[in-house]
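Observations on chain architecture
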Amino acid sequence: MSRQESTTFKPLRSVLYMPSSNERALEKAKTLPADAIIFDLEDAVAPDAKVAARAAAAAAVQSGEYGSRHLIIRINGIGTEWHDDDIKAAAAAGPDVVLVPKVNSADEVRQLVDALAAAGAPEKTTLWAMVETPIGMLNALSIATASERLSGFVMGTNDLVKELYAEHVPGRGPVITGLGLALLAARAAGIVIIDGVYNDVKNIDGFLAECEQGRQMGFDGKTLIHPGQVEGANTAFAPSEQAVADARGLIQAWDDARKSSGAGVVTYNGKMVENLHVESAERTLAIHEAIQALAV
Ligand SMILES: CC(C)(COP(=O)(O)OP(=O)(O)OC[C@H]1O[C@@H](n2cnc3c(N)ncnc32)[C@H](O)[C@@H]1OP(=O)(O)O)[C@@H](O)C(=O)NCCC(=O)NCCSC(=O)C[C@H](O)C(=O)O
Ligand SMILES: [Mg+2]
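Just so it is clear, the structure is predicted and the values come from calculations on it, not from any experiment. (Residues numbered from 1 in each chain as written. Chains lettered and ligands numbered in written order. Predicted model: local features only at pLDDT ≥ 70, side-chain atom pairs only at ≥ 80, totals over all residues. Heavy atoms only, no water.)

Attention now goes to the coordination of the magnesium ion (ligand 2). Tetrahedral coordination by four donors puts the ideal angle at the metal at 109.5 degrees, and octahedral coordination by six puts it at 90 or 180 degrees. Coordination of the magnesium ion (ligand 2) by the protein comes from Glu132 (OE) and Asp159 (OD), over a distance range of 2.0 to 2.2 Å. Of this pair, Glu132 sits in the loop between strand 5 (126-131) and helix 5 (134-138) while Asp159 sits in helix 7 (residues 157-164), and the two are 27 residues apart along the sequence. Pair check on accessibility: Glu132 and Asp159 agree, each one buried. (Donors = N, O, S within 2.8 Å, 3.2 Å for Na, K, Ca; no water. Helix = DSSP H or I, 4+ residues; strand = E, 2+ residues; numbered from the N terminus. Buried < 20%, exposed > 50% of the residue type's maximum accessible area, 1.4 Å probe, protein only.)

Given below as structure tokens:
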């Protein structure tokens, strides 16, 4: 059983970044149906606002005002002047996750895990790594398996595009190899993996197409930068009504066939069904049920 499956399944369809220096955004996030919130201390925060943003993120996490949303603090990267104080403040605040940008190696993961422990982070606080550099992509498997405390990857497609001298284009051809490497590593390690952001906040069609692509590739959800992207991601990364009906039908057809003939392969709606398809259908239903449980 993977690390992801061994814990209670938690929907992470919509993972909204906000600059921790932006008071209105901090307030607004309490009202948004995002599954998770990233209180950002890195790229969205200007250097002269970093210290105040750090305190605001810690206070927000400790406020208890964000309901059941998964709370994540993105600290500044290893080697920056803010990193050490960020990790201490984040550990003391005790969010669900401390997210670290530009993680490049397994050694860095171990260094981060040691720093979290030394700073007294509660056990529930896990580490997520942003994979967003060419070397990070190439080391993705060793990063993903470096520590039990590392429980997720977040794609940084802006940094990756920059590092590759590539361009943002519909379909994301230039970064597909990187996305694929990170996905393979995350699934091999049994950790969560969240897709990168879509920058053009007014282009809803482009955003929805990228959500669809991300779900088809296997991402658990998408990182977002604007409230207007939350509902689209929630819909795109939830099983559709049709998918839920198909999953139930497939499992029923399998059970019926097993009882009547003991067959190891059947058809449902004209398509071959084996045990592995039943497992996928059960996963679909587990995701659906976890999302339904959020609504009560
Ligand atoms: C992109 C924005 C700068 C746009 O801001 P703005 O023009 O102010 O948006 P609106 O006027 O449409 O906002 C409407 C209301 O919504 C609130 N708001 C806006 N954004 C957020 C947010 N992210 N979370 C919560 N609330 C938000 C506004 O305050 C307005 O509220 P109200 O007035 O009360 O109605 C802005 O959206 C923004 O700053 N987004 C986040 C940017 C960010 O965090 N960037 C860093 C992460 S992306 C990254 O680094 C990825 C990775 O590392 C990579 O390499 O790819
Ligand atoms: Mg980045």
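There's plenty left to go through after this.
Before going further, it helps to spend a moment on the site of ligand 1. Around ligand 1 there are 19 residues in total, and Tyr17, Arg24, Asn158, Ile225 and His226 lie nearest to it. Arg24 places a polar side-chain atom, nitrogen or oxygen, 2.7 Å from an oxygen atom of ligand 1. When the free accessible area of ligand 1 is taken as 1,000 Å², the share hidden by the protein chains comes to 67%. When each cavity is represented as a set of grid points, ligand 1 is found to reside in the second largest pocket. Elements supplying a minimum of two residues to the shell around ligand 1: strand 1 (14-19), helix 1 (23-28) and helix 7. Here the shell around ligand 1 gets four residues from one element, more than from any other, and that element is strand 1. Split by residue class, the shell around ligand 1 holds nine nonpolar, four polar and six charged. (Near = heavy atom within 4 Å. Polar contact = N/O pair within 3.5 Å; in protein donor to acceptor, adjacent residues only side chain to side chain. Areas by Shrake-Rupley, 256 points an atom, 1.4 Å probe, with all protein chains shown as cover. 1 Å grid on protein atoms, 1.4 Å probe; cavity = no way out; pocket = protein on both sides within 12 Å on 5 of 7 lines; lining within 4 Å. Sits in = over half its atoms within 2 Å of the grid points. Nonpolar A, V, L, I, M, F, W, Y, C, P; charged D, E, K, R; others polar.)

Our next topic: the packing of helix 2 (residues 50-63) against helix 3 (residues 83-93). Between helix 2 and helix 3, whose axes approach to 9 Å, the crossing angle comes to 15 degrees. Overall, the two elements helix 2 and helix 3 adopt an arrangement that is roughly parallel. Regarding helix 2 and helix 3, the two cross each other, and that crossing is right-handed. Where helix 2 approaches helix 3, its residues Arg54, Ala58, Val61 and Gln62 are matched on the opposing element by Asp85, Asp86, Ala89, Ala92 and Ala93. Partitioning the contact of helix 2 with helix 3 into residue classes produces five nonpolar, one polar and three charged. (Axes fitted to C-alpha atoms, helices over the stretch in contact; angles between N-to-C directions. Parallel < 35°, antiparallel > 145°, perpendicular 65-115°, else oblique. Left-handed = near helix turned anticlockwise from the far one by under 90°. Contact = heavy atoms within 4.5 Å.)

The method is simple in principle: a probe with the dimensions of a water molecule rolls over the atoms, and the space it marks as empty is what remains. Counted as a void, the second largest pocket has a volume near 550 Å³. Of all the secondary-structure elements, those providing two or more residues to the lining of the second largest pocket are strand 1, helix 1 and helix 7. The dominant element in the lining of the second largest pocket, judged by the number of residues it contributes, is strand 1, at four residues. Tallied by class, residues from the lining of the second largest pocket come to 13 nonpolar, seven polar and seven charged. (Points joined across faces, edges and corners; volume = space filled by probe spheres on them.)

Right, let's get into the UniProt feature "domain: HpcH/HpaI aldolase/citrate lyase" (unreviewed entry) in the chain. As recorded in UniProt, the feature "domain: HpcH/HpaI aldolase/citrate lyase" (unreviewed entry) lies at residues 13-227. End C-alpha to end C-alpha, residues 13-227 measures 14 Å, and it is 42% helix and 19% strand. (UniProt positions renumbered as here; feature names shortened; annotations may be inferred.)

The next thing to look at is the pattern of salt bridges. Applying the stated criterion across every chain, the model contains 18 salt bridges. As a salt-bridge pair, Lys102 and Glu42 come within 2.7 Å of each other at their nearest N and O atoms. Placement of the pair is Lys102 in the loop between strand 4 (97-100) and helix 4 (106-118) and Glu42 in the loop between strand 2 (36-40) and helix 2, with a sequence separation of 60 residues. Judged by its relative accessible area of 30%, Lys102 is partly exposed. A relative accessible area of 7% places Glu42 in the buried class. Note that Asp96 is salt-bridged to Lys124, the shortest N-O span being 3.8 Å. Note that Asp96 is positioned in the loop between helix 3 and strand 4 and Lys124 in the loop between helix 4 and strand 5, a separation of 28 residues in sequence. The class for Asp96 is buried, based on a relative accessible area of 18%. What emerges from the salt-bridge pattern is a single network uniting Asp40, Glu42, Arg74, Lys102 and Asp159. (Salt bridge = Lys/Arg side-chain N within 4 Å of Asp/Glu carboxyl O.)

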